[in-house]
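Survey of secondary and tertiary structure
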Amino acid sequence: QVQLVESGGGLVQAGGSLRLSCAASGSTFRNRHMSWYRQAPGKQRELVAAISTFGITNYADSAKGRFTISRDNAQNTVYLQMNSLKPEDTAVYYCNAGINWGASGLLWGQGTQVTVSS
(Lines give C-alpha, C1' and ligand atoms only; values in the text may rest on other atoms or scores of the structure.)
Protein backbone atom coordinates (compact mmCIF):
# COMPACT_ATOMS: atom_id res chain seq x y z
CA GLN A 1 0.00 0.00 0.00
CA VAL A 2 1.43 3.37 -1.04
CA GLN A 3 1.22 6.29 1.39
CA LEU A 4 1.80 9.89 0.38
CA VAL A 5 3.28 12.68 2.50
CA GLU A 6 3.45 16.22 1.17
CA SER A 7 5.81 18.93 2.33
CA GLY A 8 7.13 22.30 1.22
CA GLY A 9 4.10 24.50 1.65
CA GLY A 10 4.23 27.85 3.40
CA LEU A 11 3.70 31.56 3.16
CA VAL A 12 5.26 33.43 0.26
CA GLN A 13 4.84 36.85 -1.30
CA ALA A 14 3.35 37.25 -4.74
CA GLY A 15 5.99 36.62 -7.38
CA GLY A 16 7.85 34.20 -5.16
CA SER A 17 8.52 30.50 -5.53
CA LEU A 18 7.90 27.30 -3.61
CA ARG A 19 8.73 23.68 -4.27
CA LEU A 20 6.34 21.07 -3.01
CA SER A 21 7.44 17.50 -2.45
CA CYS A 22 5.39 14.35 -2.13
CA ALA A 23 7.18 11.33 -0.74
CA ALA A 24 5.61 7.96 -1.39
CA SER A 25 6.18 4.83 0.62
CA GLY A 26 5.88 1.40 -0.90
CA SER A 27 7.38 -0.22 -3.96
CA THR A 28 4.76 0.66 -6.53
CA PHE A 29 5.51 4.38 -6.95
CA ARG A 30 7.02 3.97 -10.39
CA ASN A 31 3.82 2.27 -11.56
CA ARG A 32 1.60 5.17 -10.49
CA HIS A 33 0.64 8.30 -12.37
CA MET A 34 1.19 11.18 -9.97
CA SER A 35 -0.74 14.42 -9.74
CA TRP A 36 -1.01 17.59 -7.73
CA TYR A 37 -4.43 18.99 -6.94
CA ARG A 38 -5.40 22.03 -4.94
CA GLN A 39 -8.45 23.19 -3.07
CA ALA A 40 -9.09 26.78 -2.10
CA PRO A 41 -11.66 27.70 0.57
CA GLY A 42 -15.17 27.38 -0.78
CA LYS A 43 -14.00 25.87 -4.06
CA GLN A 44 -13.83 22.41 -5.52
CA ARG A 45 -10.60 20.50 -5.64
CA GLU A 46 -8.93 21.00 -9.02
CA LEU A 47 -6.09 19.42 -10.94
CA VAL A 48 -2.92 21.49 -11.08
CA ALA A 49 -0.45 19.17 -12.80
CA ALA A 50 0.06 15.50 -13.54
CA ILE A 51 2.95 13.30 -14.60
CA SER A 52 2.61 9.82 -16.02
CA THR A 53 4.75 6.79 -15.31
CA PHE A 54 6.59 7.60 -18.54
CA GLY A 55 7.11 11.26 -17.67
CA ILE A 56 4.36 12.74 -19.81
CA THR A 57 3.07 15.89 -18.16
CA ASN A 58 -0.21 17.76 -18.16
CA TYR A 59 -0.98 21.14 -16.64
CA ALA A 60 -4.02 23.18 -15.83
CA ASP A 61 -4.13 26.40 -17.84
CA SER A 62 -3.55 28.35 -14.63
CA ALA A 63 -0.29 26.47 -14.06
CA LYS A 64 1.18 26.47 -17.55
CA GLY A 65 4.40 28.43 -17.81
CA ARG A 66 4.71 28.87 -14.05
CA PHE A 67 4.61 25.40 -12.49
CA THR A 68 6.70 22.34 -13.26
CA ILE A 69 5.92 18.81 -12.13
CA SER A 70 8.66 16.22 -11.99
CA ARG A 71 9.29 12.83 -10.45
CA ASP A 72 12.26 10.94 -9.11
CA ASN A 73 11.48 7.24 -9.15
CA ALA A 74 14.68 6.40 -7.30
CA GLN A 75 13.55 8.63 -4.41
CA ASN A 76 9.85 7.76 -4.71
CA THR A 77 9.13 11.47 -4.81
CA VAL A 78 7.13 13.81 -7.01
CA TYR A 79 7.76 17.54 -7.01
CA LEU A 80 5.86 20.65 -7.95
CA GLN A 81 8.04 23.68 -8.60
CA MET A 82 5.88 26.78 -8.43
CA ASN A 83 7.21 30.09 -9.70
CA SER A 84 5.65 33.53 -10.13
CA LEU A 85 3.09 32.70 -7.49
CA LYS A 86 -0.12 34.70 -7.32
CA PRO A 87 -2.58 35.23 -4.46
CA GLU A 88 -5.07 33.09 -6.35
CA ASP A 89 -2.69 30.14 -6.00
CA THR A 90 -3.49 30.11 -2.29
CA ALA A 91 -4.91 26.69 -1.46
CA VAL A 92 -4.23 23.37 0.17
CA TYR A 93 -2.21 21.30 -2.27
CA TYR A 94 -2.72 17.55 -2.38
CA CYS A 95 -0.66 14.80 -3.91
CA ASN A 96 -2.50 12.00 -5.69
CA ALA A 97 -1.47 8.61 -7.03
CA GLY A 98 -3.43 6.60 -9.54
CA ILE A 99 -3.28 3.94 -12.21
CA ASN A 100 -5.52 5.56 -14.82
CA TRP A 101 -4.09 8.49 -16.73
CA GLY A 102 -6.50 11.38 -16.85
CA ALA A 103 -8.37 10.45 -13.70
CA SER A 104 -7.56 10.94 -10.05
CA GLY A 105 -6.56 7.89 -8.12
CA LEU A 106 -7.88 6.71 -4.80
CA LEU A 107 -4.74 7.59 -2.85
CA TRP A 108 -4.35 11.10 -1.44
CA GLY A 109 -1.85 12.78 0.81
CA GLN A 110 -2.85 14.90 3.79
CA GLY A 111 -2.25 18.18 1.98
CA THR A 112 0.10 21.11 2.46
CA GLN A 113 -1.01 24.72 2.77
CA VAL A 114 0.28 27.30 0.31
CA THR A 115 -0.50 30.92 1.06
CA VAL A 116 0.50 33.70 -1.31
CA SER A 117 0.27 37.22 0.03
CA SER A 118 -0.24 40.23 -2.20
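Look up: the structure comes first, before these words.
The structure presented is a predicted model; accordingly, all values stated were derived computationally and were not measured.

If you trace the 4 strands from one edge of the open sheet to the other, you get β1-β3-β8-β7, paired in antiparallel fashion. The sheet is open, and its two edges are formed by β1 (4-7) and β7 (67-72), each paired on a single side. Each strand of the sheet is rotated relative to its neighbour by a mean of 15 degrees, with strand direction disregarded. Sheet topology note: the β7/strand β8 (residues 77-82) ladder contains 6 bridges and is antiparallel. Note on β8: the bridge partner recorded for Ser-70 is Tyr-79.

Attention now goes to the packing of aromatic side chains. Here the structure, examined in full by the defined rule, presents 2 aromatic pairs. Between the aromatic rings of Tyr-37 and Trp-108, the centroid separation amounts to 5.0 Å while the plane-to-plane angle is 65 degrees, which identifies the pairing as edge-to-face. Residue Tyr-37 is found in strand β4 (residues 33-39), and its partner Trp-108 is found in strand β10 (residues 107-108); the two are separated by 71 residues along the sequence. Residue classification places Trp-108 among the partly exposed residues on the basis of a relative accessible area of 28%. A centroid spacing of 6.4 Å and a plane angle of 90 degrees characterise the contact between Tyr-94 and Trp-108, whose relative ring orientation is edge-to-face.

With that settled, consider the nonpolar core. Within the largest apolar cluster, 29 residues are counted, with the highest numbers of intra-cluster contacts made by Leu-4, Met-34, Trp-36, Val-78, Leu-80, Met-82 and Tyr-93. Counting only elements with at least two residues in this core, the list comes to β3 (18-24), β4, β5 (46-51), β7, β8, β9 (91-98) and β11 (112-117). Setting aside chain neighbours within four positions, we find Met-34 in contact with Leu-4, Cys-22, Phe-29, Ala-49, Ala-50, Ile-51, Ile-69, Arg-71, Val-78, Cys-95, Asn-96 and Ala-97.

For the structure shown, the criterion picks out 1 disulfide. Disulfide pairing is shown between Cys-22 and Cys-95; the S-S distance is 2.1 Å. The sign of the S-S torsion, about -85 degrees, decides the handedness of the disulfide formed by Cys-22 and Cys-95: left-handed. Here the residue Cys-22 occupies a position in strand β3, and Cys-95 occupies one in strand β9, the gap between them amounting to 73 residues.

A full pass over the atoms with the stated rule returns 4 salt bridges. As a salt-bridge pair, Arg-38 and Glu-46 come within 2.7 Å of each other at their nearest N and O atoms. The salt bridge involving Lys-64 is made with Asp-61; its shortest N-O contact spans 3.2 Å. With relative accessibility at 65%, the residue Asp-61 sits in the exposed group. One salt-bridge network, in which partners are shared between bridges, spans Arg-38, Glu-46, Arg-66 and Asp-89.

Criteria and thresholds
- Residue positions within a chain follow its written sequence, with the count starting from 1.
- Residue-level local features of this predicted model are given only where pLDDT is at least 70; pairs of side-chain atoms are given and counted only at 80 or more, and the full residue set underlies all totals for whole chains, interfaces and linings.
- Remark: hydrogens and water are excluded; side-chain values derive from all non-hydrogen atoms of the structure.
- When DSSP locates at least two bridges between a pair of strands, those strands are taken to pair.
- Secondary structure follows DSSP: runs of H or I at least 4 residues long count as helices, runs of E at least 2 residues long count as strands, and numbering of each begins at the N terminus.
- Whenever a helix is involved, its axis is fitted only over the stretch in contact; in every case the axis is a line through C-alpha atoms, and angles between N-to-C directions fall within 0 to 180 degrees.
- We call Phe, Tyr and Trp rings a pair once their centres come within 6.5 Å, taking the six-membered ring for Trp, and we label the pair stacked below 30 degrees between planes, edge-to-face above 60, and tilted otherwise.
- Between buried and exposed lies partly exposed: a residue is buried under 20% and exposed over 50% of the maximum accessible area for its type, with that area taken using a 1.4 Å probe on protein chains only.
- What makes a nonpolar core is a set of buried Ala, Val, Leu, Ile, Met, Phe, Trp, Tyr and Cys residues whose side-chain atoms join them at distances within 4.5 Å.
- Contact definition: two residues touch when any of their heavy atoms are within 4.5 Å.
- A pair of cysteine sulfur atoms is labelled a disulfide when the two atoms are within 2.5 Å.
- Take a side-chain nitrogen of Lys or Arg and a carboxyl oxygen of Asp or Glu: if they are within 4 Å of each other, that pair is a salt bridge.

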